[in-house]
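# Results of the structural survey
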Amino acid sequence: MSAHDQTTAPELKSWVERANAPDCEFPIQNLPYGIFSTEHSAARVGVAIGDSILDLTVLAEEGLIACPLTVVTQVRLNDFIALGPIVWRKVREQISALLSASNHTLQGNAALREKALIQQAAATMHLPVEIQGYTDFYSSREHATNVGMLFRDPKNALLPNWSEIPIGYNGRASSVIVSGTPVRRPNGQIKLPDQDRPVFSPCRKLDLELETGFIVGIPNALGEPIPIEEAEKHIFGMVLLNDWSARDFQAWEYVPLGPFNAKTFATTISPWIVTMDALEPFRTLQPTQVPLPLAYLQHTGEHAFDIHLEATLKPETAAEATTITQTNFKYMYWTMAQQLTHHTVSGCNTRVGDLMGSGTISGPTPGSLGSLLEMTFNGREPIKLQSGETRSFIEDGDELTLRGWCQGEGYRVGFGLCTGQVLPAHPMK
Ligand code: CA
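Owing to the predicted nature of the structure, the values given are computational and were not obtained by experimental measurement.

### Focus on the overall build of the protein
Within the protein one finds ten helices and 27 strands. Compactness check: the protein gives a C-alpha radius of gyration of 22 Å against a globular reference of 22 Å for 429 residues, within 12% of the reference. In the protein, buried positions account for 55% of the 429 residues. Of all intrachain contacts in the protein linking residues separated by at least 6 positions in sequence, the fraction that spans at least 24 positions is 72%. Accessible surface, the protein: about 18,100 Å² in total, of which carbon and sulfur atoms supply 54%. Positive and negative charge centroids in the protein, built from 32 and 46 side chains respectively, lie 5 Å apart.

### Notes on the sheet that holds strand β4 (residues 117–119)
Taken in spatial order, the five strands line up as β4-β3-β2-β1-β5 in an open sheet, and their pairing is antiparallel. Single-partner strands in this sheet number two, and they are β4 and β5 (124–126). The sheet shows a mean angle of 50° between the axes of neighbouring strands, taken without regard to direction. Across four bridges, the pairing between strand β1 (residues 33–37) and strand β2 (residues 44–49) is antiparallel. What sits directly across from isoleucine 35, in β2, is valine 45. Together, β1, β2 and β3 (52–55) form the strand contacts of helix α4 (residues 85–99), whose direction differs from that of β1 by roughly 65°.

### Some thoughts on the coordination of the calcium ion
The coordination sphere of the calcium ion contains the protein donors Asp136 (OD), Glu209 (OE), Glu211 (OE) and Asp243 (OD), at a distance range of 2.2 to 2.3 Å. Taken in chain order, the donor set of the calcium ion reads D-x72-E-x1-E-x31-D. Here aspartate 243 lies in the loop between β14 (235–242) and β15 (245–246) and glutamate 209 lies in the loop between β12 (206–207) and β13 (210–216), a separation of 34 residues in the sequence. Both residues of the pair, glutamate 209 and aspartate 243, count as buried.

### Description of the pattern of salt bridges
Applying the stated criterion to the full structure yields 17 salt bridges. For arginine 44, the salt bridge is made with aspartate 55, and the minimal N-O distance between the two is 2.8 Å. Here arginine 44 is found in strand β2, whereas its partner aspartate 55 is found in strand β3, with eleven residues between them in sequence. Classification of arginine 44 by relative accessible area gives buried; the value is 18%. Classification of aspartate 55 by relative accessible area gives buried; the value is 3%. Notably, a salt bridge pairs arginine 89 with aspartate 277, separated by 2.5 Å at the nearest N-O pair.

### Let's talk about the confidence of the model for the protein
Looking at the protein as a whole, its pLDDT mean stands at 96, while 99% of the residues score no less than 70. Per-element mean pLDDT across the protein ranges from 91 in helix α6 (residues 141–151) up to 99 in strand β16 (residues 267–269).

### Examining helix α9 (residues 336–344)
Of all nine residues making up α9, eight are buried, and the element is well covered by its neighbours. Among all positions in α9, only Met336, Ala337, Gln338, Gln339, Leu340, Thr341, His343 and Thr344 are buried.

### Thoughts on unusual backbone geometry
Cis peptide bonds are those with omega within 30 degrees of zero, and the linkage from valine 255 to proline 256 qualifies with 5°. Between valine 290 and proline 291 the backbone carries a cis peptide bond, its omega angle lying at 0°. Considering the arrangement of structural elements, one finds proline 291 in the loop between β18 (283–284) and β19 (304–305). The backbone phi angle of phenylalanine 377 is positive, close to 50°, even though this residue is not glycine. Along the chain, phenylalanine 377 falls in the loop between α10 (372–375) and β23 (383–384). By relative accessible area, phenylalanine 377 is classed as partly exposed at 39%. Phi at asparagine 378 takes a positive value of approximately 60°, unusual for a residue other than glycine. In this structure, asparagine 378 sits in the loop between α10 and β23. We classify asparagine 378 as buried; its relative accessible area is 19%.

So, how was this worked out
Residues numbered from 1 in each chain as written. Predicted model: local features only at pLDDT ≥ 70, side-chain atom pairs only at ≥ 80, totals over all residues. Heavy atoms only, no water. Helix = DSSP H or I, 4+ residues; strand = E, 2+ residues; numbered from the N terminus. Rg over C-alpha atoms; globule rule 2.2 N^0.38 Å. Buried < 20%, exposed > 50% of the residue type's maximum accessible area, 1.4 Å probe, protein only. Contact = heavy atoms within 4.5 Å. Areas by Shrake-Rupley, 256 points an atom, 1.4 Å probe, with all protein chains shown as cover. Lys, Arg positive; Asp, Glu negative; His and termini not counted. Charge placed at Lys NZ, Arg CZ, Asp CG, Glu CD. Pairing = 2+ DSSP bridges. Axes fitted to C-alpha atoms, helices over the stretch in contact; angles between N-to-C directions. Donors = N, O, S within 2.8 Å, 3.2 Å for Na, K, Ca; no water. Salt bridge = Lys/Arg side-chain N within 4 Å of Asp/Glu carboxyl O. pLDDT = per-residue confidence, 0-100.

Put into structure tokens, the structure is as follows:
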């Protein structure tokens, strides 16, 4: 996309008043896609604007957007995404024009306007894509170093392969859930240090992982790797992602094949997919990579994105949530392009809607850690909450919420909430 894209011009204003507020996460420059339903309508494709949702079914019925009605009435975005980047671009331009303050097509037609704009407060959001594959990377140098120190050897925290390979594993797509879905504390095996054999128990070290995820927009065929210079074009957009983790299960089970039950019980994503077009103005330089990666992973120019990220924790009985971390996506050592190229270099195919988690995003300072494991040194130093309570790990009833946004000149491009409350474990048999 060109640097002169009119849909991201900072001076652009919408006739949807709320969208012009400097702290609104869904200004006209954003236009993220999601799936919503209301009391009166089945799940369908919508675009967030201000505190409303633009119903694309209404626009398609009126012939105002260049995509078929059968695509925007779907309960997932896969069919829309599969139409490809020329359609993504065209529809974005059409929606931007329809919502801009200078355009009267919708603004000047009260009946149509009322039909097409739904209050977000009156809508239920659904999982935006059918996810056939979920991969989770491990691409924050700070996080990998901190975890290596806690789980293994402080002197050799980062394993030799880490700076050569965007380390990842194949996660569990079936348990990816949309923001707002409660998360059941898992039961599993815990190996206590003073016992020979494990116990079966509810997780005692339940954690969050502050991550982002990207959604594959253009698939690759089996046996056909995606070259590094093409990789970003294959990405439709990004979401916030909480990769809930059971640290006690993880420490016991992860050798030799990596995490299994510790990570498979729930992964929460935010309901709105912020497109790469909307993120383009926030492109920035990634950290310097030493050693220089192997040639197939080398790219020149800027491939990181300046996305402010934070997490809050609210105990069930507390009046307010406590911000427990503030970090930024730009700290990630491996870029999304490198992750996707490495994922497919073997010939592994990806599909429209596949989800790729960034890995926990920890920054370089104490206030920028992406997991409680790191913040509390594996539970040894609990953090203090505003209510006066402390937390080593997540307790039943706690609500964890991720937020993220790119700060523009007078506007911010946000992701909405990625939230979930933890329910007590099922009674054990
Ligand atoms: Ca993770």
